[in-house]
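Here's the letter readout for the chains.
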Amino acid sequence: MMVVKITLRQSANCGGKGPLGWRAGSCGLLGSGGAPSPAPSASPTATRWLSRVTSVSAQQPPRQVQGLSERSRLPPRTLHDALSDARWPCLDPRPPVTPVRSAPQPQLDPEPEGDSDDSTALGTLEFTLLFDTDNSTLHCTAHRAKGLKPPASGSMDTFVKANLLPGASKASQLRTRTVRGTRGPVWEETLTYHGFTLQDARRKTLRLCVCEDPWLRRRRRAPPLGELRVPLRKLVPNRARSFDVCLERRRLTKRPKSLDTARGMSLYEQEVEAELASEERGRVLLSLCYSSQRGGLLVGVLRCAHLAPMDSNGYSDPFVRLFLHPNTGRKSKYKTSVRKKTLNPEFNEEFFYAGPREELAQKTLLVSVWDYDLGTADDFIGGVQLSSRAGGERQQHWRECLGHSDRRLELWHPLDGAPLQLSD
């Protein structure tokens, strides 16, 4: 380190009459170990000028370098150094100190949504199930999906599709609205299955699929992005249960019976035999009420659920026929209106059969569901008989209705696939 030493000597020729009474002396270079010569005595005017320069230099704020001031990091400054800084800045022996900046840290790429594990690579689905026994309904609320794996096309337009197994595919198929362009769609939509009974809860499974909407992409239907199955026997009646389950790939074959299913609900359990699904024809919700004011029986056909498809498009055009046997009056046969292209029709129509309760108790009410076909014979879907000679809930429903006046009773009845047989 080199130090420039400037000395000021009082001029004898000037006799102290100069502007400062000082003149520049010899300039010498001293090494870092050299000691400066003591400053000579100065005139009062020079002293005031030097004190002003020193105060101005001291008032300048020091530059901060990594939390420490520049003044605390450098050797002490002498009066000669302060003067040379003020009069000749270019002669500052110390190189300027620049703040030390840390090297920029590389930005880490954000982790992709979803885990990298194979079991969660397709994402997860959050939903809630509620089995309402009072209204015989099953409510499935699809909340959201997380970390869905996008297809090769890029953006995602997804919806949730639900099916009850075993059963006709379109008879129990419900779906949510489509949410566009996100890997974490939020639906917050409830799908409701009517006519869901305790027997259904014991033997049925709910399948939920996260699908990409083919209509928005103008292409053929793509396989589901992921699906899962929930055995409904795990539900507690009238108590909501929430799930957050990993989606799995679609499997087209049944699991072997020897394969252990103890890992949980995300693994497929054994499928119910195909013949059980083919025997299911659907069910009908009937209301019975004996009206004391009108003196007869009021039969209400409210709705049907999970009907078997009879048309080539996978649906039916259902309607319901009523017949009170034996026929003792002019009005013993009724028919509801036709509901087009549906497997879960809602009718809400009511019919009246006149007669005392004792006489009606000896009769049989036949309820049959048909598929309307234009120009050809209608297809029989299923039927049910209500009488005092029937068994189970059919007999109980009939007797309770006729045993109490002005009391409306509603009950779901499964349909029989065999044609109704009556004896005279």
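Here is what the cut-offs are and how they apply
Counting restarts for each chain, with residues numbered from 1 along the sequence as it is written. Residues qualify for local features only when their pLDDT is at least 70, as the model is predicted, and side-chain atom pairs are given and counted only at 80 or more; totals for whole chains, interfaces and linings, by contrast, use all residues. Side-chain metrics in this entry use all non-hydrogen atoms of the structure; hydrogen atoms and water are not considered. Helix numbers and strand numbers start at the N terminus; a helix is a DSSP run of H or I with at least 4 residues, a strand a run of E with at least 2. For the exposure calls, accessible area comes from a 1.4 Å probe over protein chains only, and a residue counts as buried if that area is under 20% of its type's maximum, exposed if over 50%, partly exposed in between. We define the nonpolar core as a collection of buried residues of types Ala, Val, Leu, Ile, Met, Phe, Trp, Tyr and Cys that are connected through side-chain atoms lying within 4.5 Å of one another. One requirement defines pairing of two strands: DSSP has to find at least two bridges between them. Within this analysis, patches are made of residues with over 30% relative accessible area and no salt bridge. Like charges are joined at 9 Å or less; nonpolar side chains (Val, Leu, Ile, Met, Phe, Trp, Tyr) at 5 Å or less. Surface accessibility follows the Shrake-Rupley procedure with a 1.4 Å probe radius. Residue values consider only the protein chains on display as shielding. Here, a salt bridge means any Lys or Arg side-chain nitrogen found within 4 Å of an Asp or Glu carboxyl oxygen. What counts as an axis is a line fitted to C-alpha atoms, over the stretch in contact for a helix, and the angles between N-to-C directions run from 0 to 180 degrees. In this tally, Lys and Arg are treated as positive and Asp and Glu as negative; His is ignored, and so are the chain termini. Pairs of N or O atoms within 3.5 Å make up the polar contacts considered here, provided that, within protein, one atom can donate a hydrogen while the other can accept it, and that residues adjacent in sequence are counted only when both atoms are side-chain atoms. Whether two residues are in contact is decided by their heavy atoms: any pair within 4.5 Å suffices.

**Student:** Help me understand the environment of V284 in this model?
**Tutor:** When you line up the elements, V284 lands in strand 14 (residues 283-291). Judged by relative accessible area, which is 0%, V284 ranks as buried.

**Student:** I tried to follow the nonpolar core on my own but got confused; where do I start?
**Tutor:** Across soluble globular proteins, nonpolar side chains show a tendency to be buried alongside one another. Formed by 31 residues in total, the largest nonpolar core has its most connected members in L125, F127, L129, L206 and L208. Those elements that provide at least two residues to this core are strand 5 (124-132), strand 6 (137-146), strand 7 (157-165), strand 10 (186-194), strand 11 (205-212), strand 12 (226-231) and strand 13 (241-246). Counting 30 residues, the second-largest nonpolar core is a separate cluster that includes L286, L288, Y353 and L386.

**Student:** Would you mind showing me how to read the pairing of strand 7 here?
**Tutor:** The side chains of a regular strand alternate between both faces of the sheet. The element strand 7 is extensively covered by neighbouring structure, given that nine of its nine residues are classed as buried. Across the two faces of strand 7 the burial is the same, with D157, F159, K161, N163 and L165 and T158, V160, A162 and L164 all buried. Where strand 7 lies against strand 9 (residues 179-180), two bridges are found, and the strand directions are antiparallel. Bridging from a neighbouring strand, D157 pairs with R180 of strand 9.

**Student:** I would appreciate a short explanation of a nonpolar patch on the surface in the present structure.
**Tutor:** On the surface, a nonpolar cluster with roughly 280 Å² of combined accessible area is contributed by V338, Y372 and L374. Turning to its location among the elements, L374 is positioned in the loop between strand 19 (364-371) and strand 20 (379-386). For L374, a relative accessible area of 74% translates into the label exposed.

**Student:** Would you mind showing me how to read the sheet that holds strand 18 (residues 346-354) here?
**Tutor:** Hydrogen bonding along the main chain pairs the strands of a sheet, whether they run parallel or antiparallel. Within the open sheet, the four strands sit side by side as 18-15-14-21. Their pairing is antiparallel. Each edge of the sheet is formed by a strand with only one pairing partner; in this case those strands are strand 18 and strand 21 (409-414). Neighbouring strand axes in the sheet, compared pairwise and without regard to direction, differ in orientation by 25° on average. For strand 14 and strand 21, the ladder comprises six bridges, and the chain directions are antiparallel. Bridged to L288 within strand 21 is L409.

**Student:** Sorry if this is basic, but what is going on with the side chain of K363 here?
**Tutor:** Mapped onto the fold, K363 is located in the loop between helix 7 (357-360) and strand 19. Of the side chains with opposite charge, E359 comes closest to the buried, unpaired K363, at an N-O distance of 4.1 Å. Within the structure, K363 has its side chain in polar contact with the backbone oxygen of P326 (distance 3.4 Å).

**Student:** Which parts of the structure should I look at to understand the sheet that holds strand 16 (residues 318-325)?
**Tutor:** Pairing in this open sheet of four strands is antiparallel, and the strands run 17-16-19-20 from one edge to the other. Looking at the sheet topology across the chains shown, the edges are occupied by strand 17 (333-335) and strand 20. On average, each strand axis in the sheet is tilted by 15° relative to the strand beside it, whichever way the strands run. One ladder, built from seven bridges, connects strand 19 with strand 20; its direction is antiparallel. Looking at the pairing, S368 lines up with G383 of strand 20. Strand contacts of helix 8 (residues 392-403): strand 16, strand 19 and strand 20, with the helix running at about 60° to strand 20, the strand carrying the most contacts.

**Student:** How should I be thinking about the pattern of salt bridges in this particular structure?
**Tutor:** Any two side chains of opposite charge can pair, given that their charged atoms come close. Inspection of every chain in the model, using the stated rule, returns 12 salt bridges. Where D200 meets R283, a salt bridge forms, and the shortest distance between an N and an O atom there is 2.4 Å. Here the residue D200 occupies a position in helix 4 (residues 198-203), and R283 occupies one in strand 14, the gap between them amounting to 83 residues. Across the pair, R283 and D200 agree in class, each one buried. When the shortest N-O distance is used, the salt bridge between D378 and R321 registers 3.4 Å. Of this pair, D378 sits in the loop between strand 19 and strand 20 while R321 sits in strand 16; the two residues are 57 residues apart in sequence, bridging distant segments of the chain. Taken together, the shared-partner salt bridges connect E126, R144, K146 and E188 into one network.

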